[in-house]
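# Coordinate inspection notes
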Amino acid sequence: MSTTRRVSAVLGMGLIFGAFVGAGLGVLWWRLAPRVDITGDAGGLADFRGKGLLASDVAFTALAFVAGVLITIGLARMRREHLLQVLMAALASSAVGTATMWWVGRTLGSVDIDGLAGTQQDAAQAPLVLHMPAVLLVWPIAAALVVTVLALEDWLSGLRARSASARKLSA
């Protein structure tokens, strides 16, 4: 029985894993990312206090990097003989996964700041946002890094095999 998989199967699995893992990591990001406390005054202006403004970006980056590495390794195990197709599937997976992760985390972590002025609540937590949009590229960069390492390993093993066969011929 052949274990060679079609590229459509690898791409499909990448998209499915990207969506499900992205949704799960969005919830995890929402739970792990520290929030900045805000206080509202009668005029509806919000005063941001705290040092955790970029901590949500760091949490998103760490989760996206781990997901990019692990999912790409799984896709490479499905179709290692064609790394370009693995890269395409991993990039598609990362696009779906990053968008899902960002949307789920942002939706769960949203708060109506303008409506805060009409309540009796003195303090609330700021919505969960990314302050550096470039962290959305971490998952695809991690995927490309894994494929690059695998291609380098394949190239080096090919060089070793050629040098071993050249030594056998010369001996």
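Refer to the structure above for everything that follows.
Residues numbered from 1 in each chain as written. Predicted model: local features only at pLDDT ≥ 70, side-chain atom pairs only at ≥ 80, totals over all residues. Heavy atoms only, no water.

## Quick look at the overall build of the chain
Along the chain, the regular secondary structure elements total four helices and three strands. A total of 171 residues make up the chain; the buried ones form 29% of that total. Partitioning the contacts of the chain with sequence separation of at least 6, the portion at a separation of at least 24 is 80%. By element, 68% of the accessible surface of the chain is carried by carbon and sulfur atoms, the whole surface being about 10300 Å². (Helix = DSSP H or I, 4+ residues; strand = E, 2+ residues; numbered from the N terminus. Buried < 20%, exposed > 50% of the residue type's maximum accessible area, 1.4 Å probe, protein only. Contact = heavy atoms within 4.5 Å. Areas by Shrake-Rupley, 256 points an atom, 1.4 Å probe, with all protein chains shown as cover.)

## Some points on the packing of helix H1 (residues 7-32) against helix H3 (residues 83-108)
Contact geometry of H1 with H3 gives a least axis separation of 7 Å together with a crossing angle of 25°. Relative to H3, the element H1 lies roughly parallel. Of the two elements, H1 crosses H3, and the hand of that crossing is right-handed. (Axes fitted to C-alpha atoms, helices over the stretch in contact; angles between N-to-C directions. Parallel < 35°, antiparallel > 145°, perpendicular 65-115°, else oblique. Left-handed = near helix turned anticlockwise from the far one by under 90°.)

## Brief notes about the packing of aromatic side chains
For the coordinates displayed, the defined rule picks out one aromatic pair. For the ring pair Trp29 and Phe60, a centre distance of 4.9 Å and an interplane angle of 75° mean the geometry is edge-to-face. Here Trp29 is found in helix H1, whereas its partner Phe60 is found in helix H2 (residues 55-78), with 31 residues between them in sequence. What makes Phe60 buried here is its relative accessible area of 0%. Positioned over the ring face of Trp30 is Arg31, at 5.2 Å from the centre of the ring. (Phe/Tyr/Trp six-rings, centres within 6.5 Å; stacked < 30°, edge-to-face > 60°. Lys NZ or Arg CZ within 6 Å of the ring centre and 35° of its normal.)

## A look at H1
In this model, H1 (26 residues) spans 35 Å end to end at C-alpha, consistent with the 38 Å of a helix rising 1.5 Å per residue. Among the residues making up H1, those that are buried are Val10, Gly14, Gly18, Gly22, Leu25, Gly26 and Trp29. (Expected span 1.5 Å × (residues − 1).)

## Overview of the packing of H1 against H2
Packing of H1 against H2 leaves a shortest axis separation of 10 Å and a crossing angle of 155°. Relative to H2, the element H1 is oriented roughly antiparallel. Crossing geometry of H1 relative to H2 is assigned as right-handed. Within the contact between the two elements, H1 uses Ala9, Val10, Met13, Gly14, Phe17, Val21, Leu25, Leu28 and Trp29 and H2 uses Ser56, Ala59, Phe60, Leu63, Ala67, Ile71, Leu75 and Met78. Considering only residue class, the contact of H1 with H2 consists of 15 nonpolar, two polar and no charged. (Nonpolar A, V, L, I, M, F, W, Y, C, P; charged D, E, K, R; others polar.)

## Observations regarding the environment of Trp29
Take Trp29: its relative accessible area is 0%, and that puts it in the buried class. Expressed as a C-alpha distance, the spacing of Trp29 and Trp102, which sit 73 residues apart in the sequence, is 8.7 Å. Those residues in contact with Trp29 that sit more than four places away from it in its chain are Ser56, Ala59, Phe60, Leu63, Met101, Trp102, Gly105, Arg106, Leu128, Val129 and Leu130.

## So, the side chain of Asp57
Inspection of the secondary structure puts Asp57 in helix H2. With relative accessibility at 0%, the residue Asp57 sits in the buried group. If near-sequence neighbours (up to four positions away) are discounted, Asp57 is found in contact with Val129, Leu130, His131, Met132 and Val135.

## With respect to the nonpolar core
One recurring pattern in soluble globular proteins is that nonpolar side chains are buried together. Core analysis: the biggest nonpolar cluster contains 27 residues, and Leu25, Trp29, Phe60, Leu75, Met101 and Trp139 have the highest contact counts within it. Only H1, H2, H3 and helix H4 (138-170) provide two or more residues apiece to this core. It is H2 that provides the largest number of residues to this core, a total of nine residues. Discounting residues that sit within four places of it in the chain, Leu25 has contacts with Leu63, Ala67, Met101 and Trp139. (Core = buried A, V, L, I, M, F, W, Y, C linked by side-chain atoms within 4.5 Å.)

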